[in-house]
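The chain contents come next:
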Amino acid sequence: MAESEKDVIDHLLGVEHEAAGLVQDAQTEAEKRIAAAKAKADAEYKKQYEKIVAGFEADFSKKIVEIKEHHKKTSAEYKERILKAKKDSKAFNDLLDSLLFKTA
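Residues numbered from 1 in each chain as written. Predicted model: local features only at pLDDT ≥ 70, side-chain atom pairs only at ≥ 80, totals over all residues. Heavy atoms only, no water.

Asker: Looking at this model, I keep getting lost on the overall build of the protein. Mind explaining?
Answerer: When helices and strands are counted, the protein shows two helices and zero strands. Over its C-alpha trace the protein gives a radius of gyration of 43 Å, far above what one expects of a compact globule, namely 13 Å for 104 residues. Overall, the C-alpha framework of the protein stretches about 135 × 40 × 10 Å when taken along its three principal axes. When burial is assessed residue by residue, the protein has 0% of its 104 residues classed as buried. Split by element, the accessible area of the protein, about 10,200 Å² in all, is 63% carbon and sulfur. Charge centroids of the protein, computed over 20 positive and 21 negative side chains, lie 23 Å from each other. (Helix = DSSP H or I, 4+ residues; strand = E, 2+ residues; numbered from the N terminus. Rg over C-alpha atoms; globule rule 2.2 N^0.38 Å. Buried < 20%, exposed > 50% of the residue type's maximum accessible area, 1.4 Å probe, protein only. Areas by Shrake-Rupley, 256 points an atom, 1.4 Å probe, with all protein chains shown as cover. Lys, Arg positive; Asp, Glu negative; His and termini not counted. Charge placed at Lys NZ, Arg CZ, Asp CG, Glu CD.)

Asker: Looking at this structure, I do not really get the packing of aromatic side chains. What am I missing?
Answerer: Each aromatic ring pair is summarised here by two numbers: the centre-to-centre distance and the angle between the ring planes. Tallying each qualifying case throughout the model produces one aromatic pair. Taking 6.2 Å as the distance between ring centres and 15° as the angle between the ring planes, the aromatic pair formed by Tyr-45 and Tyr-49 counts as stacked. Separated by four residues within a single helix, Tyr-45 and Tyr-49 lie in helix H1 (residues 2–84), roughly one turn from each other. By relative accessible area, which is 59% here, Tyr-45 ends up exposed. With a relative accessible area of 47%, Tyr-49 lands in the partly exposed category. (Phe/Tyr/Trp six-rings, centres within 6.5 Å; stacked < 30°, edge-to-face > 60°.)

Asker: When you look at the pattern of salt bridges in this model, what are you seeing that I'm missing?
Answerer: Oppositely charged side chains can form a pair if their charged atoms are brought close together. Under the criterion given, the structure shown has four salt bridges. Of the charged contacts, one joins Asp-42 and Lys-38 as a salt bridge, the two residues approaching to 3.0 Å between their closest N and O atoms. Here Lys-38 and Asp-42 lie together in helix H1, a separation of four residues that amounts to about one turn. Residue classification places Lys-38 among the exposed positions, given a relative accessible area of 51%. A salt bridge links Lys-90 to Asp-94; its shortest N-O distance comes to 3.0 Å. In this pair, Lys-90 and Asp-94 are both assigned in helix H2 (residues 89–100), four residues apart and thus about one turn of the helix distant. Judged by relative accessible area, Lys-90 falls into the exposed class, the value being 60%. (Salt bridge = Lys/Arg side-chain N within 4 Å of Asp/Glu carboxyl O.)

Asker: What is the right way to look at a nonpolar patch on the surface in this model?
Answerer: Residues Phe-92, Leu-95, Leu-96, Leu-99, Leu-100 and Phe-101 make up a contiguous nonpolar surface patch of roughly 640 Å² in combined accessible area. Within the secondary structure, Leu-96 sits in helix H2. (Patch = residues over 30% accessible without salt bridge, like charges linked within 9 Å, V, L, I, M, F, W, Y side chains within 5 Å.)

Asker: Would you mind showing me how to read the environment of Lys-87 here?
Answerer: Its location among the elements puts Lys-87 in the loop between H1 and H2. On the accessibility criterion, Lys-87 (65% relative accessible area) is exposed. A C-alpha to C-alpha distance of 111 Å links Lys-87 and Leu-12, two positions 75 residues apart in sequence.

So, to be careful, I would describe these as geometric facts and stop short of saying anything about function.
Spelled out as structure tokens, the structure:
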């Protein structure tokens, strides 16, 4: 019976060794699949990120142009108002005299 028990134990050890190999193979395959999924997810993230950033940059450039145009228009309107304003030199000189040469 000792020989039979030894054969059973050898067989069980062989099965255990084979199972360990299968587990190792499964672990290796899982790591490959995880790495592939991570690479795919990273690529998709980068693609979406670049799309969003490109949209923001385009919007930013558009806003810069709009702001510059608005500033140019506003400045031109202000300059035109200033140039059209009536100059009252006498009133200005009287104001300066009253402020600078005030007699107490």
